[in-house]
Amino acid sequence: MKTKDLIFILIISLFWGSSFLFMRVSAPVFGPVALVMVRMVGAAFILSFIFLSAANRATLKQNWKAIAVVGLFNNVLPFVLLSFASTRLEAGFTSLINASTPVFAALIGLLWLKNRITRQQLAGLIIGVSGIYVLSMGHLSFKAGGSGWAIMAGLVATLCYGFAINLVKSRLHHVNSQVIASGSVTFSALMLLGPGLWLWPSEPIGLIHWGNALLLGFLCTGAALLMFYQLVASAGVMASASITFLIPVSAILWGYIVLHEVITFKMLIAMAITFFGTALCNRLIKWPLFKKSAATP
């Protein structure tokens, strides 16, 4: 891997990890929907300005329905759900739930697209889900003041991501990734304008919260996606998988340094289990037990 690629991986993981910090601080002030609206408008401003050339606009026009659905399931719904979860959960906790996205993407691919899956990948799915169970133990209360609904919101967000990933693979594999990125955030911004303005907070918003919201849009979404697609072009898809492991580490460190969140032993155990399951599921490591396993439908 080139030095530039490694630097990009670290910067992107810091940006995406910090998004959980920004949501944790500003979601209670803006509200989940209004915060994500500001985030999407900021991201759309950057990506549309850079990527939507005449040729890309023509491609977007031909595939706008599928790209709009990707925007709904990859941006609007999960970002709102994660913002809601951030009002109840620590930044590191929320990021660990989000780290299960590759596991749920593989599961949805199996159930929806009938993707073939090896025994190792099946074991990875089970282990990855068990990591989320360990993380949620003692927190899954749906009573007043409990964290159950916030955890469920985070899990539904990962399911949305998993659906969007498989939709891109099945319906938009022929479309330039730049068109998907810029088009999806633009549609997301348009979808959220009405609800975001309707649910805009009545109280004045301080500069620190405005700063967090704008950083979410410009850095954590717009700039991070720009760097991410450059990274994929330079280092390949495997590099993007490594970011999955670094984002929770980044978010936990941000939460510990800035918000003084406590890093518990259970969080570390859950993170290790989830990472191991994700690595197995994505075949980043090979388990000798399944070395000669046949693929199962």
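Residues numbered from 1 in each chain as written. Predicted model: local features only at pLDDT ≥ 70, side-chain atom pairs only at ≥ 80, totals over all residues. Heavy atoms only, no water.

Caption draft 1: Summary view of the state of the cysteines. Taken as a whole and assessed by the stated rule, the structure comprises zero disulfides. Not part of a disulfide, C220 finds its nearest cysteine sulfur in C160, a span of 20 Å. Judged by relative accessible area, C220 falls into the buried class, the value being 1%. (Disulfide = S-S within 2.5 Å. Buried < 20%, exposed > 50% of the residue type's maximum accessible area, 1.4 Å probe, protein only.)

Caption draft 2: Representation of helix α2 (residues 32-51) in the model. A rise of 1.5 Å per residue sets the reference length of α2, with its 20 residues, at 28 Å; its end C-alpha atoms lie 28 Å apart and thus fit the reference within 8%. Burial of α2 is extensive: 15 of the 20 residues sit out of reach of the surface. (Helix = DSSP H or I, 4+ residues; strand = E, 2+ residues; numbered from the N terminus. Expected span 1.5 Å × (residues − 1).)

Caption draft 3: Quick look at a nonpolar patch on the surface. Taken together, the side chains of V249, L253, Y256, I257, V258, I263 and L268 define a hydrophobic patch exposed on the protein surface, amounting to about 590 Å² of accessible area. If you tally residues by element for the nonpolar patch, the top one is helix α11 (residues 237-258), at five residues. When you line up the elements, V249 lands in helix α11. Look at V249 and you get partly exposed, because its relative accessible area is 32%. (Patch = residues over 30% accessible without salt bridge, like charges linked within 9 Å, V, L, I, M, F, W, Y side chains within 5 Å. Areas by Shrake-Rupley, 256 points an atom, 1.4 Å probe, with all protein chains shown as cover. Salt bridge = Lys/Arg side-chain N within 4 Å of Asp/Glu carboxyl O.)

Caption draft 4: Region of interest: the nonpolar core. If you look at the biggest cluster of nonpolar residues, it comprises 47 residues, and the most contacted ones within it are W16, L192 and I243. Sorting the residues of this core by element identifies α1 (3-30), α2, α4 (64-86), α8 (148-171), α9 (177-198), α10 (207-235) and α11 as the ones contributing at least two each. When residues of this core are assigned to their parent elements, the largest contribution, twelve residues, is made by α2. Core analysis: the next-biggest nonpolar cluster, separate from the first, contains 20 residues, L89, F93, I132 and A150 among them. (Core = buried A, V, L, I, M, F, W, Y, C linked by side-chain atoms within 4.5 Å.)

Caption draft 5: Region of the structure containing the packing of aromatic side chains. Taken as a whole and assessed by the stated rule, the structure comprises seven aromatic pairs. Taking the centre distance of 5.7 Å and the plane angle of 40 degrees together, the rings of W200 and W210 count as tilted. Linking W200 in the loop between α9 and α10 with W210 in helix α10, this pair joins segments that are ten residues apart in sequence. Residue W200 is classed as partly exposed on the basis of its relative accessible area of 29%. An aromatic cluster of three or more residues is present, and its members are F30, W200 and W210. For R39, the ring lying beneath its charged end belongs to F79, and the centroid distance is 3.9 Å. (Phe/Tyr/Trp six-rings, centres within 6.5 Å; stacked < 30°, edge-to-face > 60°. Lys NZ or Arg CZ within 6 Å of the ring centre and 35° of its normal.)

Caption draft 6: Fine view of the pattern of salt bridges. A complete count under the given rule lists one salt bridge for this structure. In this structure, E261 and R24 form a salt bridge, with 4.0 Å as the shortest nitrogen-oxygen distance. Remark: R24 occurs in helix α1 and E261 occurs in the loop between α11 and α12 (265-281); sequence separation between them is 237 residues.

Caption draft 7: Representation of the confidence of the model for the protein chain. Confidence in the prediction of the protein chain, expressed as mean pLDDT, is 85, and 92% of residues score 70 or more. Model confidence for the protein chain, summarised as mean pLDDT per element, is weakest for α11 at 79 and strongest for α4 at 95. (pLDDT = per-residue confidence, 0-100.)

Caption draft 8: View of unusual backbone geometry. The phi torsion at H260 lies on the positive side, around 60 degrees, for a residue other than glycine. Turning to its location among the elements, H260 is positioned in the loop between α11 and α12. Looking at H260, the relative accessible area reads 63%, which means it is exposed.

Caption draft 9: Layout of the packing of α1 against α4. At a closest axis distance of 8 Å, the pairing of α1 and α4 adopts a crossing angle of 65 degrees. In this view, α1 runs roughly perpendicular relative to α4, as classed from their interaxial angle. As for the relative orientation of α1 and α4, their crossing is right-handed in sense. Seen from α1, the contacting residues are F20, M23, R24 and A27; seen from α4, they are F79, L82, S83 and S86. Its residues assigned to classes, the contact of α1 with α4 shows five nonpolar, two polar and one charged. (Axes fitted to C-alpha atoms, helices over the stretch in contact; angles between N-to-C directions. Parallel < 35°, antiparallel > 145°, perpendicular 65-115°, else oblique. Left-handed = near helix turned anticlockwise from the far one by under 90°. Contact = heavy atoms within 4.5 Å. Nonpolar A, V, L, I, M, F, W, Y, C, P; charged D, E, K, R; others polar.)

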